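Coordinates in review
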Amino acid sequence: MALVQISSDEMGKWQGDLHALPKTAPVAIMLHGYKYRPGDRTDCPHASLFAAEAQNAIQRSQPWPKRLGIGTSDRPAIGFGWPARGSVWAAWRQAEIAGRALAEVIDALKAAAPHRPIRLLGHSMGARVALCALARCGQGHVHSAILLNAADFTKNALRAQARHAGTSFQMINVTSRENAVFDLLTELCLLAPLQSERALGRGLEGPHALTLRLDHLDDRSALAHLGFAVPPPDRSICHWSTYLRPGTGAIYRALLDGTLRPDVLRAALHAARCDGAEPQTGFDAQVA
């Protein structure tokens, strides 16, 4: 098994053995969100989200490697842990520090194997860690980034995209209306109204970005056309819906190993949306 655990501390110093990863296969880097902390007695990500096997019964903390089918010799993965405890404002600041550490890890991976694709998958504030890293790492060093219910703003996503302009980099922004309350809290708690910021839950499109709305019928139809069955939402509020929803693991697995290309997903979404109603973001549909 090629599953490597990396931990970053409050100063942005990281530790872990990257040499255990094969140099010929794409590498997926997993990024957790708020409340986890490496080494914590109850909320260590390496003993829950990033573990090879389940260590507890909490559904939202069930191992991602098994859910995504990664962490193997042909689908190697890194679990990147960072200190995400304390207040939401403290974790927000810490995510930027962790992003700097992640950028160093990405650049080290590329230095060791320049042709190895690197793909990121981050949930909530883990998406912010990814965006901060993308704004600092070498241009084109990351092939794609999957952001699940991202706790960050469009301005930071656009800055990260600009860093990789002219490359094949793609950002997949996954949203659903179950997260609308959390998107609103992200804007209110982090003073976005005073800075005219918009949460990524409202959507993001562009040459290097697409938004996949799991609550929207047309988007689920596009996924079905590609062979991925995802049911409609079964609850009103859930911050973890973008990875707990049945069928989502298969989508992310295909994006991470390259069997589903972002341009193919973009074309399918465009075709389905043109045939259906005008899409709404999960955020706007919930708070309108």
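In this text the structure is predicted, and so the values were computed from the model without any measurement.

1. Quick look at the packing of aromatic side chains
One pass over the full model with this rule turns up three aromatic pairs. Ring centres of Phe50 and Trp64 lie 6.1 Å apart, and the angle between their planes is 65 degrees; on these two criteria the pair is classed as edge-to-face. Highlighted residues: Phe50 in the loop between strand S3 (27-31) and helix H1 (64-68) and Trp64 in helix H1, separated in sequence by 14 residues. Like Trp64, Phe50 is buried. Among the aromatic residues, those joined into a cluster by ring pairs are Phe50, Trp64 and Tyr243. Taking the ring centre of Trp92 as reference, the NZ or CZ of Arg128 above it sits at 3.6 Å.

2. Structural notes on the layout of surface pockets
Taken as a whole, the largest pocket spans an internal volume of roughly 440 Å³. Lining the largest pocket are 25 residues, with Tyr34, Val88, Ser124, Phe182 and His239 positioned closest to its centre. For the lining of the largest pocket, the element with the highest residue contribution is helix H5 (residues 180-189), accounting for five residues. Per-class residue counts for the lining of the largest pocket are 14 nonpolar, eight polar and three charged. Its boundaries defined by the atoms lining it, the second largest pocket holds a volume of some 150 Å³. Forming the boundary of the second largest pocket are Gly16, Asp17, Leu18, His19, Leu21, Lys23, Ala108, Leu109, Ala112 and Arg116. Class assignment of the residues belonging to the lining of the second largest pocket gives a composition of five nonpolar, two polar and three charged.

3. Regarding the pairing of strand S6 (residues 144-148)
By the criterion of burial, S6 is predominantly enclosed, with five of the five residues buried. Side chains of S6 alternate between two faces, with Ser144, Ile146 and Leu148 and Ala145 and Leu147 buried alike. Relative to S6, strand S5 (residues 118-123) runs parallel, the two being bridged by five bridges. Its bridge partner being in S6, Gly122 is matched across the sheet by Leu147. Regarding topology, helix H3 (residues 125-134) serves as the crossover connection from S5 to the parallel S6, and that connection is right-handed. Examined bridge by bridge, S6 and strand S7 (residues 170-175) share five bridges and lie parallel to one another. The partner of Ser144 across the bridge, within S7, is Gln170. For the crossover from S6 across helix H4 (residues 154-163) to S7, the handedness is right-handed.

4. Brief notes about H4
Regarding H4, the residues found buried are Thr154, Asn156, Ala157, Ala160 and Gln161. Each buried residue of H4 sits inside an arc of 160 degrees when the element is viewed along its axis, so together they form one side.

5. Overview of the sheet that holds strand S1 (residues 3-8)
Across a sheet, paired strands are connected by hydrogen bonds in the backbone, their directions being either parallel or antiparallel. Overall, mixed pairing links the eight strands, which are arranged S2-S1-S4-S3-S5-S6-S7-S8 in an open sheet. Sheet topology places strand S2 (14-15) and strand S8 (209-213) at the edges, where each strand pairs with a single neighbour. Bridging between S3 and S5 involves five bridges; their strand directions are parallel. Pairing of Met30 across the sheet is with Leu121, part of S5.

6. Examining a nonpolar patch on the surface
Among the surface-exposed residues, Val181, Leu185 and Ile237 lie close enough to one another that they form a single nonpolar patch of about 240 Å² accessible area. Here Val181 shows up in helix H5.

7. Some details on the confidence of the model for the protein chain
Averaged over all residues, the pLDDT of the protein chain equals 91, while 93% of them reach at least 70. In the model, residues 278-288 has pLDDT below 50 throughout and makes 27 contacts with residues more than four positions away in sequence or in other chains.

8. A closer look at helix H7 (residues 217-225)
For H7, the complete set of buried residues consists of Asp218, Asp219, Arg220, Ala222 and Leu223. As for H7, its buried residues are in contact with S8, helix H9 (248-257) and helix H10 (262-275).

Basis of the calculations
- Residues numbered from 1 in each chain as written.
- Predicted model: local features only at pLDDT ≥ 70, side-chain atom pairs only at ≥ 80, totals over all residues.
- Heavy atoms only, no water.
- Phe/Tyr/Trp six-rings, centres within 6.5 Å; stacked < 30°, edge-to-face > 60°.
- Helix = DSSP H or I, 4+ residues; strand = E, 2+ residues; numbered from the N terminus.
- Buried < 20%, exposed > 50% of the residue type's maximum accessible area, 1.4 Å probe, protein only.
- Lys NZ or Arg CZ within 6 Å of the ring centre and 35° of its normal.
- 1 Å grid on protein atoms, 1.4 Å probe; cavity = no way out; pocket = protein on both sides within 12 Å on 5 of 7 lines; lining within 4 Å.
- Points joined across faces, edges and corners; volume = space filled by probe spheres on them.
- Nonpolar A, V, L, I, M, F, W, Y, C, P; charged D, E, K, R; others polar.
- Pairing = 2+ DSSP bridges.
- Right-handed = clockwise from strand over helix to strand, strands pointing away.
- Arc of directions from axis to C-beta.
- Patch = residues over 30% accessible without salt bridge, like charges linked within 9 Å, V, L, I, M, F, W, Y side chains within 5 Å.
- Areas by Shrake-Rupley, 256 points an atom, 1.4 Å probe, with all protein chains shown as cover.
- Salt bridge = Lys/Arg side-chain N within 4 Å of Asp/Glu carboxyl O.
- pLDDT = per-residue confidence, 0-100.
- Contact = heavy atoms within 4.5 Å.

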